Amino acid sequence: LAIGISRLWGIRLKENFNNPYLKTNPQAFWANWHMSLTRWAQRYVFIPLGGMRRNRQYFAVFMTIMVIALWHGLEWPLVVFGIYHATIVTGHRWLEEYQRKRGVKKSASPLVNGLKSLSVFTYVALSIPLFYLPISEVPGFYRSLLPF
């Protein structure tokens, strides 16, 4: 909407979202979701924390995701949101490193990629209530999702 309105006024804005829900891993999701905020966090949080150094990368990734989460507000649900996403992204980064060291080949099958995209969508969708519910209602919401 913002891009369309700006073009009516002769201003060209960069795309800020690049189909993040079609990505096949959490890291790619965040690289394509709110790209201007992600680039800012990478430049001013990830790199200064030593994220390009092997021994600091997991800490830097975790803290960068926490900054992105807390940028939305300083509330307990957003702290939980940040911990959830930071843990998943850091875990995915560790798993990719582990698989690379073991020489595990990645599957490029459309079915596998579709399942990966579905899992990324589910991972993100499960965190959305943290933006809208008070912290006291969050556990009840997630309990209501369970079939038993």
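Here, the structure is the one placed above.
Residues numbered from 1 in each chain as written. Predicted model: local features only at pLDDT ≥ 70, side-chain atom pairs only at ≥ 80, totals over all residues. Heavy atoms only, no water.

Asker: How should I be thinking about the overall build of the protein chain in this particular structure?
Answerer: Within the protein chain one finds 8 helices and 0 strands. When its helices and strands are written in sequence order, the protein chain yields α-α-α-α-α-α-α-α. Principal axes of the C-alpha set define a box for the protein chain whose edges measure 55 × 40 × 35 Å. Here the protein chain holds 148 residues, and 30% of them are scored as buried. The long-range fraction of contacts in the protein chain, counting pairs at least 24 apart against all pairs at least 6 apart in sequence, stands at 51%. Computed over 17 positive and 5 negative side-chain charges, the separation of the two mean positions in the protein chain equals 12 Å. (Helix = DSSP H or I, 4+ residues; strand = E, 2+ residues; numbered from the N terminus. Buried < 20%, exposed > 50% of the residue type's maximum accessible area, 1.4 Å probe, protein only. Contact = heavy atoms within 4.5 Å. Lys, Arg positive; Asp, Glu negative; His and termini not counted. Charge placed at Lys NZ, Arg CZ, Asp CG, Glu CD.)

Asker: How do you make sense of the side chain of Thr 90 when you look at a structure like this?
Answerer: Relative to the helices and strands, Thr 90 resides in helix 5 (residues 76-102). Polar side-chain contacts of Thr 90 include one of 2.6 Å to the backbone oxygen of Ala 86. Thr 90 has contacts with Tyr 58, Val 61 and Phe 62, leaving out every residue within four places of it along the chain. (Polar contact = N/O pair within 3.5 Å; in protein donor to acceptor, adjacent residues only side chain to side chain.)

Asker: Can you walk me through the packing of aromatic side chains in this structure?
Answerer: We describe a pair of aromatic rings using the distance from one ring centre to the other and the angle between the two ring planes. This structure, assessed with the given rule, holds 12 aromatic pairs. When the centroid spacing of 4.7 Å and the interplanar angle of 65 degrees are considered together, the rings of Phe 81 and Phe 131 count as edge-to-face. One end of the pair, Phe 81, is in helix 5; the other, Phe 131, is in helix 7 (residues 129-132), and 50 residues separate them in sequence. Residue Phe 81 is classed as buried on the basis of its relative accessible area, which comes to 6%. The class of Phe 131 is partly exposed, set by a relative accessible area of 33%. (Phe/Tyr/Trp six-rings, centres within 6.5 Å; stacked < 30°, edge-to-face > 60°.)

Asker: What am I meant to see in a nonpolar patch on the surface here?
Answerer: Taken together, Tyr 21, Leu 111, Leu 115, Leu 118, Phe 121, Ile 128, Phe 131 and Tyr 132 make up a surface patch of nonpolar side chains, about 830 Å² in accessible area. Elements that contribute at least two residues to the nonpolar patch include exactly helix 6 (110-125) and helix 7. Ranked by residues supplied to the nonpolar patch, first place goes to helix 6 with 4 residues. (Patch = residues over 30% accessible without salt bridge, like charges linked within 9 Å, V, L, I, M, F, W, Y side chains within 5 Å. Areas by Shrake-Rupley, 256 points an atom, 1.4 Å probe, with all protein chains shown as cover. Salt bridge = Lys/Arg side-chain N within 4 Å of Asp/Glu carboxyl O.)

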